[in-house]
Amino acid sequence: MAAAAGATYSVGSFPSVYPKSCFAAKSTTFGARLPFRSMLSLKSRYPSVSFERRCLTFRNSSALTSKNQMSQKRLNVQASYKVAILGAGGGIGQPLSLLVKMSPLISGLNLYDIANVKGVAADLSHCNTPSEVLAFTGTSELADSLKGVDVVVIPAGVPRKPGMTRDDLFNINANIVKDLIKAVADNCPDAFIHIISNPVNSTVPIAAEVLKQNGVYDPKKLFGVTTLDVVRANTFVAQKKNLKLIDVDVPVVGGHAGITILPLLSKTRPSVTFTEQEIEELTVRVQNAGTEVVEAKAGAGSATLSMAYAAARFVESSLRALDGDTDVYECAYVQSELTELPFFASRVKLGKKGVEGFITSDTQNLTEYEQNALEALKPELKASIEKGVAFAGKKTAAA
């Protein structure tokens, strides 16, 4: 087993109340009044919900007026990062592209898909935000879409349909991820890699193996995006307990499918008391939330909009970390030594080089219910990881 992806932190290593800030400005004075307002008006004080505190949009439709440009200059917000979205024409890719386009930290947004994404790119290019939007269609243009990219986001693949589990997606999406990661290895091996394609419990290990085979694996820069589980847990807890959503933070650990998703309700902030029935109901709802959306859409799709929102939040956190913000924490599925499993989702500290540390206290002093659920998820998560590793190995042998 390779070394852990970063140092170990405890929750006590960061303050309980986090500074109000807009998109990570290198010279921002935290706590100062900022000229922009969040599109969603969600400004949580906790680190793992930092996306809601950031400014995804300018104050009004005349965002790039000279007045606001001066405000940006004063905050030293610099559009200097390039993001590639692989699968930009899909149900997740299109809304994700829109949300990412709104970041003032991005100078270039590359949209790739096997189908024509020129229309999506043309549409987004009319938005008056700093980034230049470019379209890349088909495998012949994949390499060009990745040149000089800082963050690669991969929502490519087939969506879930009614009656379909994440495991049913494996054969199709595993091949897609393998091919895309090979291109990443060849063209932007130092980029942060965000895997959204399901089943994430297996596709992240596949990506790791492909990167290893190409000699460019950096465990600190490979992420399975599990942010949606946190977003859902925060939302459901706030609704159940009649709390202000901006104040709620629930760490979610384990994996990103079914019982491997474990919201740690005992670690909820602000501190709140749950009955045994509430714990059971909330845990099951978070675990089955994807199915809830698939069934509600009655065969017309899966969780695309909420997934795009959660993925955009993780992109924004990565950009802030790259830009030097030292106060960036998110839950993510990464190479880990918190348990005996090689990959595990937990809260991590992000920095310029990726994962800088793990918040170990989240998995300490768990309730009996949480401890039992943690032990119960391990066999399934272990099997999913091994399935991904075996897939990558078989393909190598066949080649």
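Residues numbered from 1 in each chain as written. Predicted model: local features only at pLDDT ≥ 70, side-chain atom pairs only at ≥ 80, totals over all residues. Heavy atoms only, no water.

Help me understand the overall build of the protein, please; the structure alone is not making it clear to me.
Broken down by element type, the protein carries eleven helices and twelve strands. The buried share of the protein, taken over its 399 residues, is 56%. In the protein, of all internal contacts separated by at least 6 residues, the share reaching a separation of at least 24 is 72%. Carbon together with sulfur atoms contributes 52% to the accessible area of the protein, which is approximately 16200 Å² in total. (Helix = DSSP H or I, 4+ residues; strand = E, 2+ residues; numbered from the N terminus. Buried < 20%, exposed > 50% of the residue type's maximum accessible area, 1.4 Å probe, protein only. Contact = heavy atoms within 4.5 Å. Areas by Shrake-Rupley, 256 points an atom, 1.4 Å probe, with all protein chains shown as cover.)

Hey, could you run me through the nonpolar core in this one?
As a rule of thumb, nonpolar side chains are buried together in soluble globular proteins. Formed by 46 residues in total, the largest nonpolar core has its most connected members in Leu86, Leu146, Val152, Ile154, Ile181, Ile195 and Leu222. Counting residues per element, the ones that place at least two in this core are β2 (81-86), α4 (142-146), β5 (151-154), α5 (170-187), β6 (192-195), α6 (200-213), β11 (343-351) and α11 (368-398). Here Val152 is in contact with Ala84, Leu86, Leu146, Val184, Cys188, Ala191, Phe192, Ile193 and His194, once residues within four sequence places are set aside. Formed by 44 residues, the second largest nonpolar core is a distinct cluster that contains Val83, Val117, Val348 and Phe358. (Core = buried A, V, L, I, M, F, W, Y, C linked by side-chain atoms within 4.5 Å.)

What should I look at first to understand the pairing of strand β10 (residues 329-335) in this one?
Remember that side chains alternate between the two faces of the sheet whenever the strand is regular. Along β10, seven of the seven residues are buried, which leaves the element largely enclosed by surrounding structure. Strand direction decides the pairing type here: β10 and β11, joined by seven bridges, are antiparallel. Paired with Tyr329 across the bridge in β11 is Lys349. (Pairing = 2+ DSSP bridges.)

Got a minute to help me understand the environment of Glu281 in this structure?
With respect to the helices and strands, the residue Glu281 is situated in helix α8 (residues 276-287). Only 2.8 Å separates the side chain of Glu281 from the side chain of Gln277, close enough to count as a polar contact. (Polar contact = N/O pair within 3.5 Å; in protein donor to acceptor, adjacent residues only side chain to side chain.)

What is the right way to read unusual backbone geometry from this model?
Pro199 follows Asn198 through a cis peptide bond whose omega is 0°. Locating Pro199 in the fold gives a position in the loop between β6 and α6. Arg269 connects to Pro270 through a cis peptide bond whose omega is 0°. Locating Pro270 in the fold gives a position in the loop between β9 (261-263) and α8. Although it is not a glycine, Asn242 adopts a positive phi angle of roughly 55°. Relative to the assigned elements, Asn242 resides in the loop between α7 (227-241) and β8 (252-254). Not every positive phi belongs to a glycine, and Asn365 is a case in point at roughly 55°. By the secondary structure assignment, Asn365 is in the loop between β12 (354-359) and α11.

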